[in-house]
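# Chains, contacts and geometry: an overview
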Amino acid sequence: MLASRREPVPVESIPAMRSSAAQTIASASALEAVASRMARAGLIRSSQTSAKRPRTAGPFRATRFERTTPEELTATPPAPQRAANGVQWLPIPGWWDLPWLWAGFSTRKGGLSRAYCAEDAAAELNLGFTAADDLENVLRNRRLLAEAITSNAATPLIALRQFHSNRIVHAVSADASRKQPHKADGQMTAEPGMLLAIQTADCIPVLVADRKQRAVAAFHAGWRGTVKRIVESGVGSMRLAFGSRPQDLIAAIGPGIGLCCYAVGEEVLSEFESQFSYARDLFREVYDSNPVRKKYPMLFLTQRAPGHSPIGPSLHVDLVEANRRQLLSAGLSPESIQIVGCCTQCHSDLFFSHRASDGHAGRMMAVIGIREARKHRSR
Ligand SMILES: [Zn+2]
């Protein structure tokens, strides 16, 4: 989560962006499509139809969501692939048989940055121009990542100035030499020979590829972008720009903060409930399983009577599932969606995490691109 203020949706619109009134109407029909698709897939749950949540306040609040502990939700991180240049990155399982496609998610391992590691630790792969890091190191790290993924350090890598919007740009190779990157949270292209990049350090990166039209896209989805339907809108943009059909699309959701760690305020719940009929499926009440608190509960007692303590479960949201649902509502099949990596905060040794490091974090990149024709056999 790189910005905390509410950002205005830019007026300069791409075809898939609509006025908010039109968007509400469009989303209603999109939601019907999701509901029928989910029903056909046997995934519909009874809670999905309950629109209103009970109005409760204070410590006596009734259980509104399934309750769980972080331990029940954490997953083991996948073993990264190690490139010859030392960069450790996550390939996308199931995409190996697409030789025309470049794609992967970086970790913090590899690289030359010393801004976020202990003095005696190995240098790291910070890929964002953060205040704490040296610009030269970041440029060299980006070349290392391009080399790890494409076997050529000179492959242009196109980044964005992300601002938690649903703005999507059509990238061209000339963008690689722009002084100021485009201000957007999604980009797409059908031009080979370059990598589209999304920077994250807890937010969710989503990569999409069209197997038939050979077009690719990358999206940045924090909670604000998710509520603004960046991914659904992105698939719409791919359809308009390249004629992409949902059944030809494959998608990968990369490492980001997990349901285990992503505690949010009530306003986030309200925003999701105003947008998605399935919003309730995305939230859980997670109990703090702090081992110190478990062992010494007396230390944490307040003057309130037992059971009246305000130290209760916190509300967590599942951004990975939220974006998977958007891909489904855009028409992708569940089998075409890969979830890669795990919670960045739980595994901040492997990933940069904004929350795990109180904002002092480097940036990872999710990249996708089309290999130049002469470098792959046609398929
Ligand atoms: Zn976690």
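Once a new chain begins, its residue numbering starts again from 1 and follows that chain's sequence as written. Thresholds applied to this predicted model are a pLDDT of at least 70 for local features of residues and 80 or more for the giving and counting of side-chain atom pairs; totals over whole chains, interfaces and linings are not thresholded and use all residues.

Assigned secondary structure in the protein chain consists of eight helices and 16 strands. Buried, partly exposed and exposed are defined by the number of other C-beta atoms within 10 Å of a residue's own C-beta, namely 20 or more, between the two limits, and 12 or fewer respectively, with C-beta atoms placed from the backbone. Counting the 379 residues in the protein chain, one finds 44% classified as buried. Here contacts are defined at the residue level, using C-beta atoms placed from the backbone and a cut-off of 7 Å between them. Taking as baseline every contact in the protein chain between residues at least 6 positions apart, the subset at least 24 positions apart corresponds to 70%. Each helix is a run of H or I in the DSSP string that is no shorter than four residues. Each strand is a run of E no shorter than two, and both are numbered from the N terminus.

Moving on to helix 8 (residues 319-329). By the criterion of burial, helix 8 is predominantly enclosed, with ten of the eleven residues buried. Positive phi shows up at Gly 331, right after helix 8, with a value of about 110°.

A few words now on the sheet that holds strand 13 (residues 283-286). The strand order across the open sheet built from three strands is 1-13-14, with neighbouring strands paired in mixed fashion. Looking at strand neighbours, the two that pair on one side only are strand 1 (67-68) and strand 14 (314-317), the edges of this open sheet. Here strand 1 runs beside strand 13; their pairing, made up of two bridges, is parallel. Opposite Thr 68, over in strand 13, you have Val 286 as the bridge partner. The pairing criterion is simple: DSSP has to find at least two bridges between the two strands.

What follows deals with the pairing of strand 9 (residues 195-200). Counting buried residues along strand 9, six of its six residues qualify, which places the element largely inside the surrounding structure. Residues Leu 195, Ala 197 and Gln 199 point to one face of strand 9 and Leu 196, Ile 198 and Thr 200 to the other, with burial holding for every one of them. In this sheet, strand 9 lies alongside strand 6 (residues 157-158) in parallel orientation, the contact comprising two bridges. Paired with Ile 158 across the strands is Leu 196, a residue of strand 9. Summarising the sheet, strand 9 and strand 16 (residues 364-370) pair through six bridges and their orientation is antiparallel. Looking at the pairing, Gln 199 lines up with Met 365 of strand 16.

On to the pairing of strand 10 (residues 204-210). Along strand 10, seven of the seven residues are buried, which leaves the element largely enclosed by surrounding structure. Looking at chain direction, strand 10 and strand 11 (residues 215-221) are connected through seven bridges and run antiparallel. Residue pairing across strands places Pro 205 opposite His 220, the latter belonging to strand 11. Taking the residues between adjacent antiparallel strands as the criterion, strand 10 and strand 11 are bridged by four residues, where Arg 214 takes a positive phi near 55°. Two strands pair when backbone bridges link them, and strand 10 and strand 12 (residues 249-253) are joined in this way by five bridges, in the antiparallel orientation.

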